[in-house]
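# Structural overview for review
As a plain string of letters, each chain reads:
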Amino acid sequence: MVNNISAINIIFENGDNIVLDSKDLKDFCISNIDKEGNEIPYESTVIKNKLYANFMLLNVNKTIESYKLNRLKERNDIVEIMIIFNNQKYLNFTICSNANPFTTIYNNEYEHVYENENSLGLLLSKYNIKYQENLFI
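Now for a description of the structure that goes with this document. What you are looking at is a predicted structure, and each value in this text was computed from that prediction instead of being measured.

Procedures and definitions
- Residues numbered from 1 in each chain as written.
- Predicted model: local features only at pLDDT ≥ 70, side-chain atom pairs only at ≥ 80, totals over all residues.
- Heavy atoms only, no water.
- Salt bridge = Lys/Arg side-chain N within 4 Å of Asp/Glu carboxyl O.
- Buried < 20%, exposed > 50% of the residue type's maximum accessible area, 1.4 Å probe, protein only.
- Pairing = 2+ DSSP bridges.
- Helix = DSSP H or I, 4+ residues; strand = E, 2+ residues; numbered from the N terminus.
- Contact = heavy atoms within 4.5 Å.
- Axes fitted to C-alpha atoms, helices over the stretch in contact; angles between N-to-C directions.
- Core = buried A, V, L, I, M, F, W, Y, C linked by side-chain atoms within 4.5 Å.
- Disulfide = S-S within 2.5 Å.
- Arc of directions from axis to C-beta.

### Focus: the pattern of salt bridges
- Counted by the stated rule, this structure contains 10 salt bridges.
- Residues D24 and K23 are paired through a salt bridge, measuring 3.4 Å at the closest nitrogen-oxygen approach.
- The class of D24 is buried, set by a relative accessible area of 5%.
- Judged by relative accessible area, K23 falls into the exposed class, the value being 61%.
- A salt bridge links D77 to R71, with the nearest nitrogen and oxygen atoms 2.9 Å apart.
- Overall, the relative accessible area of 7% leaves R71 in the buried class.
- Each of R71, E74, R75 and D77 takes part in a single network of salt bridges with overlapping partners.

As structure tokens, this is what we get:
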């Protein structure tokens, strides 16, 4: 899926964001799934032109700037993903979260980071995906 993507803008709860260029991406998938892992239609949100996704897989090269790498690893607070395509069109997705917005620290326990020598993998899902680590090998 990364062939048609120009960049991915990752937006955090506090309004910060980082942009990953297509050269930084190894793999990317965003979807809405049911308990069995079957894909189901995206849900519209109350905001026009924004969809809801409860599954995201992002695998990036570790050659990205260290501040981007560290920001992805340090906190579990991604709330939105904007996919920018090569034709300059884009799609916004609200990401599933179990974080309490009324606490001082926003922590989405659905966000999981996997790291090896060459890449950083990020999996976000409200379901317990079997063999999560294997998705990033």
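Next comes the rest of the write-up.
### Things to note about the sheet that holds strand β7 (residues 78-85)
- A sheet is described by the order of its strands in space; here six strands give the open sequence β2-β1-β7-β8-β5-β4, paired in mixed fashion. Two strands bound the open sheet, and with one partner strand each, they are β2 (17-21) and β4 (43-44).
- Bridging between β4 and strand β5 (residues 50-53) involves two bridges; their strand directions are antiparallel. Residue pairing across strands places S44 opposite L51, the latter belonging to β5.
- Across the sheet, helix α1 (residues 66-74) touches β1 (5-12), β2 and β7, and the angle it forms with β2 is around 120 degrees.

### Observations regarding the nonpolar core
- Core analysis: the largest hydrophobic core is formed by 28 residues, its most contacted members being I10, F28, I30, L58 and I81.
- Look past the residues within four positions of L58 in its chain and what remains in contact with it is I8, I10, L20, L25, D27, F28, L120, G121, L122 and F136.
- Among the nonpolar cores identified, the runner-up in size contains seven residues, and I33, L57, I129 and F136 belong to it.

### Structural notes on the pairing of β5
- With antiparallel pairing between neighbouring strands as the criterion, β4 and β5 make up a hairpin whose turn holds five residues, including N49 at a positive phi of roughly 65 degrees.
- Sheet topology note: the β5/strand β8 (residues 90-95) ladder contains four bridges and is parallel. Paired with L51 across the two strands is F93, which belongs to β8.

### A closer look at the sheet that holds strand β3 (residues 25-31)
- The four strands are arranged β3-β6-β10-β9 in an open sheet whose pairing can be described as antiparallel. The outermost strands of the open sheet, each flanked by one partner alone, are β3 and β9 (111-115). If you compare each strand with its neighbour and ignore which way they point, the axes differ by 10 degrees on average.
- Sheet topology note: the β3/strand β6 (residues 55-61) ladder contains six bridges and is antiparallel. Considered in β6, the bridge of D27 is made with N59.

### Considerations on the state of the cysteines
- Within this structure, the stated rule accounts for zero disulfides.
- Considering cysteine sulfurs only, C29 is the nearest to C96, which forms no disulfide, with 13 Å between them.

### Points about α1
- For α1, the set of buried residues is K68, L69, R71 and L72. Considered in projection along α1, the buried side chains sweep an arc of 165 degrees and stay on one side of the axis. Facing away from the buried side of α1, by more than 90 degrees, are the exposed residues S66 and Y67.

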